Structure formats: C-alpha cells, structure tokens
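# Close look at the chain arrangement
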Amino acid sequence: MRTIIKTVKGQATSDGAGVRLMRSIGTPQLSDLDPFLMLDEFKSDNPNDYIAGFPPHPHRGFETVTYMLAGSMEHQDNAGNKGFLTAGSVQWMTAGRGIVHSEMPKQENGLMWGFQLWVNLPAKQKMTAPRYQDIPPENIPEIHQPDGCKIRVIAGHALGKTGPVEGIVTQPLYLDVTIPANGQFTHDLPEDHQAFVYVFEGQGNMGVTPENNGTPLGISTLGVLSQGTEFKVSTDSGTRYILLAAKPVKEPIVKYGPFVMNTFQEIEQAVRDYQRGLF
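Criteria and cut-off values
- Residues numbered from 1 in each chain as written.
- Predicted model: local features only at pLDDT ≥ 70, side-chain atom pairs only at ≥ 80, totals over all residues.
- Heavy atoms only, no water.
- Helix = DSSP H or I, 4+ residues; strand = E, 2+ residues; numbered from the N terminus.
- Rg over C-alpha atoms; globule rule 2.2 N^0.38 Å.
- Buried < 20%, exposed > 50% of the residue type's maximum accessible area, 1.4 Å probe, protein only.
- Contact = heavy atoms within 4.5 Å.
- Salt bridge = Lys/Arg side-chain N within 4 Å of Asp/Glu carboxyl O.
- 1 Å grid on protein atoms, 1.4 Å probe; cavity = no way out; pocket = protein on both sides within 12 Å on 5 of 7 lines; lining within 4 Å.
- Points joined across faces, edges and corners; volume = space filled by probe spheres on them.
- Pairing = 2+ DSSP bridges.
- Axes fitted to C-alpha atoms, helices over the stretch in contact; angles between N-to-C directions.

### Here's the deal with the overall build of the protein chain
A count of helical and extended segments in the protein chain gives 1 helix and 26 strands. Taken over C-alpha atoms, the radius of gyration comes to 18 Å for the protein chain, in line with the 19 Å a tight globule of 279 residues would show. If you line up the protein chain on its principal axes, its C-alpha atoms span 60 × 40 × 35 Å. When burial is assessed residue by residue, the protein chain has 54% of its 279 residues classed as buried. Here the contacts in the protein chain between residues at least 6 apart in sequence split such that 72% fall between residues at least 24 apart.

### Topic: the pattern of salt bridges
Overall, the coordinates contain 7 salt bridges when judged by the stated rule. For the salt bridge of Arg20 with Asp49, the shortest nitrogen-to-oxygen distance reads 3.6 Å. Here Asp49 lies in the loop between strand E4 (36-44) and strand E5 (54-59) and Arg20 lies in strand E3 (residues 19-25), a separation of 29 residues in the sequence. Here Asp49 falls in the buried class, since its relative accessible area comes to 16%. Residue Asp273 pairs with Arg60 through a salt bridge whose shortest N-O separation is 3.1 Å. One end of the pair, Asp273, is in helix H1 (residues 264-275); the other, Arg60, is in the loop between E5 and strand E6 (62-70), with 213 residues separating them in the sequence. Here the salt bridges do not stand alone but share partners, grouping Asp15, Arg23 and Asp40 into one network.

### So, the layout of surface pockets
As a volume, the largest pocket reaches approximately 450 Å³. Lining the largest pocket are 23 residues; nearest its centre among them are Asp15, Arg23, Met38, Trp118 and Gly257. Considering each element in turn, the lining of the largest pocket owes the most residues, 5 residues, to E5. Taken as a whole, the second largest pocket holds about 180 Å³ of empty space. What lines the second largest pocket is a set of 13 residues, and nearest its centre among them are Arg20, Leu21, Met22, Glu41 and Lys43. Contributions of two or more residues to the lining of the second largest pocket are made by strand E2 (11-15), E3 and E4. Take the lining of the second largest pocket: its biggest share by element is 4 residues, from E4.

### Focus on the pairing of strand E17 (residues 173-179)
Of all 7 residues in E17, 6 are buried, a share of seventy percent or more. Sheet topology note: the strand E14 (residues 150-155)/E17 ladder contains 5 bridges and is antiparallel. Bridged to Ala155 within E17 is Tyr174. Where E17 and strand E24 (residues 239-246) come together, 7 bridges link them in antiparallel fashion. Residue pairing across strands places Tyr174 opposite Leu244, the latter belonging to E24.

### Some details on the sheet that holds E17
Pairing within the open sheet is antiparallel, and its 7 strands lie in the order E1-E22-E19-E24-E17-E14-E13. The open sheet is flanked by strand E1 (4-9) and strand E13 (142-144), the only strands paired with a single partner. Geometrically, the sheet is characterised by an average inter-axis angle of 20° between neighbouring strands, direction not taken into account. Across 5 bridges, E1 lies against strand E22 (residues 221-225) in antiparallel orientation. Among the inter-strand pairings, Lys9 is bridged to a residue of E22, identified as Thr221.

Shown next as structure tokens:
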C-alpha cells in the first residue's frame, strides 16, 4: 500500500503576464518529482488575476499539460497550430525541440480554473518534433460507481477504461477523482511509477492502510506517494483530487525558465536557437 511520505502546501505566485497561481511542484519545498517538473493550479473569478494570460513564449525539452475545470483558453503557436480549451478538456503538448506558443483566456469574466503540469522528456526525446493532443471533454472517459465515486481517466488505465492521451514516453496515469462523503476509493498503480496526489476540493485521508488511517490532505495540498501498487483514499466530508503517476526519467535536470535539458551547454544552445528564430 502506498502512503504519503511528504506534503507540500501550494505557494501563491504569478507567471505569464501576471496570472495568479498556486504552485506545488517547482518550489523550494519540492523542486521536482521525477519526471514531474512543475504543477500549477490557477483559480479565480477575478479577471484581473488571469485576463493577461500567457503571451507568446518558448519551450524546449519537456511536455506541458493543461487541464481545464472551468473557463476557456485559446492556444496558438508559431507553427500555425491553434486550439480551444473549454471546461473539462485537456491539452498534452510535447514541446520537443522547440515551440513558441501563447495561452490566452477567451473570457472577460467568470471563473477560470485548471491545472498546468510540466513533464520531463528523456534525453533521446528532447529534440523530437513538437506535437499536440487536444482532447475535448466528451472524449475523456468517466466512470460512475454505485457508491457515488466519479473518476475521469485523462491518461493511462483505470477500472477498465483507457484515457485518450496516447504515445507518451513516461507512460503517465492522470486521473480526476471525486469521492462523496463517507466514501473511499482504492487505486491500482504501476509499482515503478513516481506518483503524487493533489487535493482541490474538500479533504481526504490519503494513503490509508490496514495499520493507519492515512494522512489528511486539504485544499491546495500535494502529497508525494511512497512506492507500492495500491493507494487508498477515504473521506468523511467528500473530496476531489488529481492523481498523477509516471515512469521516472532518472537523468540530470538543468532548468532555465522555459527550457529543460540535461546539461548547461544544451541550455545555452536552446537560448541561441531561440534567439536565431530556429524554434
């Protein structure tokens, strides 16, 4: 049974052109969790917190994953790709060798809520061609259990359902799980995958085992999971969380803003390539 071995409370910050965020991976408390490089939650019904969005910016060497819970956002890049994210949709972007893109809100008021996750690529994949998987809400399988639990399968496999995100080298599992009051749910997890849970509604006891009642986690709190093949959650009042698991890359990580490579020399090359318009 997997238990919680570290908890991280999200830290308020801003990114892009001033979008207010809660960051839990990519902070002094948790710089990374191989292969996960960053996790941000953005949530506000104040347009001043999100309206400026994320104007054009580059990426190289990793993947960005945007999951929208509420609101809408438009994506465009310098290769002519364009996408529209609405509530319940996900975009898995493999930046690979380089892309310049923007992510801009398509609303002037109302709630904007979602997550952005960064996932590392191994050295042999860092210079691959960029690609996108834009998944509308209706293409994400939902499992409704008799006890009221609801599971959305974004990537990987759960309860006989397979998420629509495909061909990712780290073989991720990405679930959005809702458990009602006085409920519980047990996840099967690949033994060799790094995993974490992030609570964004209610409170749950994470990592329940026959020996203990788990670790209570509330809103905007991340829990790093120990190794194992099963992860159990129980709740008195009800909770909703995302569960992420993926195969570690186990390589050196050198970060410089929107570039994530294996050596500083590769970072310097990325900066030169971007300056020369080679993305």
